[in-house]
Amino acid sequence: MKLTLIKHAVIVAAIAALAGCASTTSPGAVDVDRRQLLIVPAEQLEQMAQVSFNEQNEKARAAGKLVTQGAEYERLRRIAARLQQQAPVFRPDAANWNWEVALIDSPELNASCAPGGKITVYTGIIRSLNLTDDEIAMVVGHEIAHALREHGREKVSQAMAQNLIGSVVLGALQTTETQAKMASQVADVMLTLPNSRKNESEADKIGLELAARAGFNPAAAVSVWQKMGAASSGDRPPQFLSTHPANESRIADLTRMQAAVAPLYQAASKQ
Ligand SMILES: [Zn+2]
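Residues numbered from 1 in each chain as written. Predicted model: local features only at pLDDT ≥ 70, side-chain atom pairs only at ≥ 80, totals over all residues. Heavy atoms only, no water.

Per an unreviewed UniProt entry, the protein chain goes by M48 family metallopeptidase and derives from Massilia polaris.

(A) Region of interest: the sheet that holds strand 4 (residues 118-122). Here 4 strands make up an open sheet; going across it, the order is 1-2-4-3 and the pairing mixed. Lying at the two open borders of the sheet, with one neighbouring strand each, are strand 1 (66-67) and strand 3 (111-114). Two strands pair when backbone bridges link them, and strand 2 (residues 100-104) and strand 4 are joined in this way by 5 bridges, in the parallel orientation. Among the inter-strand pairings, Glu 100 is bridged to a residue of strand 4, identified as Lys 118. Across the sheet, helix 2 (residues 42-62) is in contact with strand 1, strand 2, strand 3 and strand 4; its angle to strand 2 comes to roughly 35°. (Pairing = 2+ DSSP bridges. Helix = DSSP H or I, 4+ residues; strand = E, 2+ residues; numbered from the N terminus. Contact = heavy atoms within 4.5 Å. Axes fitted to C-alpha atoms, helices over the stretch in contact; angles between N-to-C directions.)

(B) Broad picture of the nonpolar core. Formed by 56 residues in total, the largest nonpolar core has its most connected members in Leu 83, Ile 119, Val 121, Ile 125, Ile 144, Leu 148 and Met 228. Excluding residues within four positions of it along the chain, Leu 148 makes contact with Thr 24, Thr 25, Ala 87, Phe 90, Arg 91, Ala 94, Trp 97, Ile 206 and Leu 210. Ranked by size, the runner-up nonpolar core spans 9 residues in total, among them Val 40, Val 156, Ala 183 and Met 190. (Core = buried A, V, L, I, M, F, W, Y, C linked by side-chain atoms within 4.5 Å. Buried < 20%, exposed > 50% of the residue type's maximum accessible area, 1.4 Å probe, protein only.)

(C) Quick look at the coordination of the zinc ion. Within the first shell, the zinc ion binds the protein through His 142 (NE2), His 146 (NE2), Glu 200 (OE), Glu 200 (OE) and His 244 (NE2), at distances of 2.0 to 2.6 Å. Each donor residue of the zinc ion lies on the same chain, and together they follow the pattern H-x3-H-x53-E-x43-H. Taken together, the positions of His 142 and His 146, both in helix 5 (residues 133-149) and 4 residues apart, correspond to about one turn of that helix. Exposure remark for His 142: the relative accessible area of 3% places this residue in the buried category. (Donors = N, O, S within 2.8 Å, 3.2 Å for Na, K, Ca; no water.)

(D) Focus on the pattern of salt bridges. Enumeration according to the criterion identifies 17 salt bridges in this entry. Ionic pairing is found between Arg 77 and Glu 74, a salt bridge with its closest N-O pair at 2.8 Å. Here Glu 74 and Arg 77 lie together in helix 3 (residues 71-86), a separation of 3 residues that amounts to about one turn. The shortest N-O distance in the salt bridge between Glu 150 and Arg 91 comes to 2.8 Å. Residue Glu 150 is located in the loop between helix 5 and helix 6 (151-161), and its partner Arg 91 is located in the loop between helix 3 and strand 2; the two are separated by 59 residues in the primary sequence. According to the relative accessible area criterion, Arg 91 is buried, its value standing at 10%. What emerges from the salt-bridge pattern is a single network uniting Arg 34, Arg 149, Glu 154 and Glu 202. (Salt bridge = Lys/Arg side-chain N within 4 Å of Asp/Glu carboxyl O.)

(E) Region of interest: the packing of helix 9 (residues 197-213) against helix 12 (residues 248-256). Contact pair helix 9 / helix 12: the axes reach a minimum separation of 11 Å and the direction vectors enclose 35°. As helix 9 packs across helix 12, the resulting crossing turns out to be right-handed. Counted together, Arg 197, Glu 200, Asp 204 and Leu 208 of helix 9 and Ser 249, Arg 250 and Leu 254 of helix 12 form the full contact between these two elements. (Left-handed = near helix turned anticlockwise from the far one by under 90°.)

(F) Here's a closer look at the packing of aromatic side chains. What the rule picks out here adds up to 2 aromatic pairs. Here the aromatic rings of Trp 97 and Trp 99 are separated by 5.2 Å at their centres, their planes lie at 40°, and the arrangement is tilted. Comparing Trp 97 with Trp 99, the two get one shared label, buried. Taking 6.3 Å as the distance between ring centres and 20° as the angle between the ring planes, the aromatic pair formed by Trp 225 and Phe 240 counts as stacked. With Trp 225 in helix 10 (residues 220-231) and Phe 240 in helix 11 (residues 239-243), the pair connects residues that are 15 residues apart, well separated along the chain. Phe 240 carries the same exposure label as Trp 225, and that label is buried. Here the basic side chain of Arg 250 rests over the ring of Trp 225, its NZ or CZ set 4.1 Å away from the ring centre. (Phe/Tyr/Trp six-rings, centres within 6.5 Å; stacked < 30°, edge-to-face > 60°. Lys NZ or Arg CZ within 6 Å of the ring centre and 35° of its normal.)

Here it is as structure tokens:
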């Protein structure tokens, strides 16, 4: 068991050295800089993300749960648009992403952003936490940051390096049926598997800066996690909170980061 782990660690290190493993984003004012293990082609994952995003939306549409108009949808779309305008600060190619926003009418407290800018938000997280615009921006900004940093691709690369899903990814571009099945498996790894604490902290930092630059009050990063903390005190904590613990160290980090983004917020247009 131990030997296998060591072997995996050696393989991961060797692949990391071969792959070059640059950082996917510029450091920004929040100074996020870490070399990443990225051995799966980004294009392949973006394709899979598109397939599984479409499938999710078709299912929701068939169930009458896909919200595509009305005040709640327009509010989310407006907030997401302001955030995505700032994404090129961290990586210029994000200006060419085919950004999409899906709002799903469901009590779940959940939100995500798949590779290539496919944003999904459940009405449950907005309604049950009674989120302000600034707080929605913090949640969506955090999710966009995961996509900009390509944390999903990192998770798939790690799983592949450890031989967990190697053939899955390589075999992905066969028949449409296989592709859809693989896409949903890979999407599971990208979006459902929890991120490391390191990745979570990076997404907090970059999300905070995106929101501040887009004119959203940085203080909302603290209030939104306080609300999530209160929501997770029940005996069945929501799914989002099992992968995003709203603990004191997260809130303390976000409080400490306020000063770094305050000038950006001050200088930003507030609409
Ligand atoms: Zn996260």
